[in-house]
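# Coordinate analysis (summary)
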Amino acid sequence: MGLTIGVDIGGTKIAAGVVDEEGTIRETCKVPTPPTAEGVVDAIADAVRTVSSSHQVEAVGIGAAGYVDDKRATVLFAPNINWRHEALKDKVEQRVGLPVVVENDANAAAWGEYRFGAGQGHEDVICITLGTGLGGGIIIGNKLRRGRFGVAGEFGHIRVVPDGLLCGCGSQGCWEQYASGRALVRYARQRAVATPDNAAILLGLGDGTPDSIEGKHVSEAARQGDPVAIDSFRELARWAGAGLADLASLFDPGAFIVGGGVSDEGDLVLEPIRKSFRRWLVGGQYRPHAQVLAAQLGGKAGLVGAADLARQG
Ligand SMILES: [Zn+2]
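If you're wondering where the values come from, they're calculated on a predicted model, not measured in any experiment.

The rules behind each value
Residues numbered from 1 in each chain as written. Predicted model: local features only at pLDDT ≥ 70, side-chain atom pairs only at ≥ 80, totals over all residues. Heavy atoms only, no water. Phe/Tyr/Trp six-rings, centres within 6.5 Å; stacked < 30°, edge-to-face > 60°. Helix = DSSP H or I, 4+ residues; strand = E, 2+ residues; numbered from the N terminus. Buried < 20%, exposed > 50% of the residue type's maximum accessible area, 1.4 Å probe, protein only. Lys NZ or Arg CZ within 6 Å of the ring centre and 35° of its normal. Domains from an automatic or database assignment. Contact = heavy atoms within 4.5 Å. Buried area = accessible area lost by both parts, 1.4 Å probe. Salt bridge = Lys/Arg side-chain N within 4 Å of Asp/Glu carboxyl O. Polar contact = N/O pair within 3.5 Å; in protein donor to acceptor, adjacent residues only side chain to side chain. Pairing = 2+ DSSP bridges. Axes fitted to C-alpha atoms, helices over the stretch in contact; angles between N-to-C directions. Donors = N, O, S within 2.8 Å, 3.2 Å for Na, K, Ca; no water. Tetrahedral: all angles 85-135°; square planar, octahedral: opposite > 155°, others 65-115°. Parallel < 35°, antiparallel > 145°, perpendicular 65-115°, else oblique. Left-handed = near helix turned anticlockwise from the far one by under 90°.

Enumeration over the complete set of coordinates arrives at five aromatic pairs. When the ring of Trp111 is compared with that of Tyr114, the centres are 4.9 Å apart and the planes differ by 45 degrees; the resulting orientation is tilted. A residue pair is termed a helical-turn pair when its members lie 3 or 4 positions apart in one helix, as Trp111 and Tyr114 do in helix α3 (residues 105-116) at three residues. With respect to class, Trp111 is no different from Tyr114; both count as buried. In this structure, Arg186 packs its charged tip against the face of Tyr178, placed 5.8 Å from the ring centre. Stacked on the ring of Trp280, the Lys or Arg Arg279 has its end atom at 3.8 Å from the ring centre.

Quick look at the structure:
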């Protein structure tokens, strides 16, 4: 099979790209994400038609934030789009006349990194995506593991703190409440309230109040050496690394890949994650350690991975 299309459904934009067998994006098209569920389906079809007009493409892979069924056809539940048992595969196939595969977006990103990014050469890879929340993907024995019902790898909602912080999913103490972009902002705001003198750079990037602090400010301030921003990254990394140690107990992978916007900061966040991972790895002195690697494909991982999953059929 030659060229396929990958589709990435973001909160503000839908991106479609023609991808070749080497994982190279030949052409892309972005359209705004419509507010209605049906509008999103139409926008996906429009974007696919636009990029396929000048290429001979054979299939479409769609990465969707949500629970996708075991047939890779229906979005059972999407937290950010009003999709409940949405038959996305059938609807898009009817509109574009190409075979469609639907995949959870974090799974698609994990597959992209495994095939063309940081995971190349590894057979057993666990990916976590530190974005607004925390997504995951499991590749064991060179296969994407989706579980019996298609919803494996939802690491963000493993409870790491009994009776901990309330999560958007309705549970309490979920990992993503402690290791995610949203958690990073919370840490920074709390610390800026407690020790404003140590947050001068950070506060200066907003309007001067802790509530105005956003994720991009924490990154920028950390690069400039702001103690509160750096400490906020360390706190996030502490939780992320401890969680990876637990995942090592479950999966024993050769490598962990850390992606998502937070990981763009590279060693600023990766090094403390590795340190925390080593600290919490059971029997760490007596066993080989999985590598903890930064993702390489950035925001393209989901699109490239979805296209490749469509190629695999
Ligand atoms: Zn949760």
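We now examine the domain arrangement of the protein. Here the domain parsing of the protein yields domain 1 (3-111 + 300-312) and domain 2 (121-295). Taken together, the 15 residues of domain 1 in the interface contact 15 residues of domain 2. Buried surface at the junction of domain 1 and domain 2, both sides included, amounts to about 1,200 Å², of which 54% is carbon and sulfur. Residues Arg146 and Glu103 are paired through a salt bridge, measuring 2.9 Å at the closest nitrogen-oxygen approach. At the boundary of domain 1 and domain 2, one finds four residue pairs in polar contact (both at pLDDT 80 or more).

Strand order in the open sheet formed by five strands is β3-β2-β1-β4-β8, and the pairing between neighbours is mixed. The open sheet has two free edges, formed respectively by β3 (25-32) and β8 (100-104), since each of these has just one partner strand. The sheet shows a mean angle of 20 degrees between the axes of neighbouring strands, taken without regard to direction. Lying over the sheet, α3 contacts β4 (57-64) and β8, oriented at roughly 100 degrees with respect to β8. This element, helix α9 (residues 301-312), spans β1 (3-9), β2 (13-19), β3, β4 and β8 of the sheet and lies at about 135 degrees to β1.

Within the first shell, the zinc ion binds the protein through His157 (ND1), Cys167 (SG), Cys169 (SG) and Cys174 (SG), at distances of 2.0 to 2.4 Å. Relative to the metal, the four donor atoms surrounding the zinc ion lie at angles of 107 to 118 degrees, and the coordination shape comes out tetrahedral. Written as a sequence motif, the donor residues of the zinc ion are H-x9-C-x1-C-x4-C. The class for Cys169 is partly exposed, based on a relative accessible area of 44%.

Moving on, we come to the packing of helix α7 (residues 227-251) against helix α8 (residues 267-280). Look at α7 against α8: their axes get within 7 Å of each other, and the N-to-C directions meet at 45 degrees. By the criterion of interaxial angle, the relationship of α7 to α8 is oblique. For the crossing formed where α7 meets α8, the hand is right-handed. Residues Phe233, Leu236, Ala237, Arg238, Ala240, Gly241, Ala242, Leu244, Ala245 and Ala248 of α7 pack against Leu268, Val269, Pro272, Ile273, Ser276, Phe277 and Trp280 of α8.

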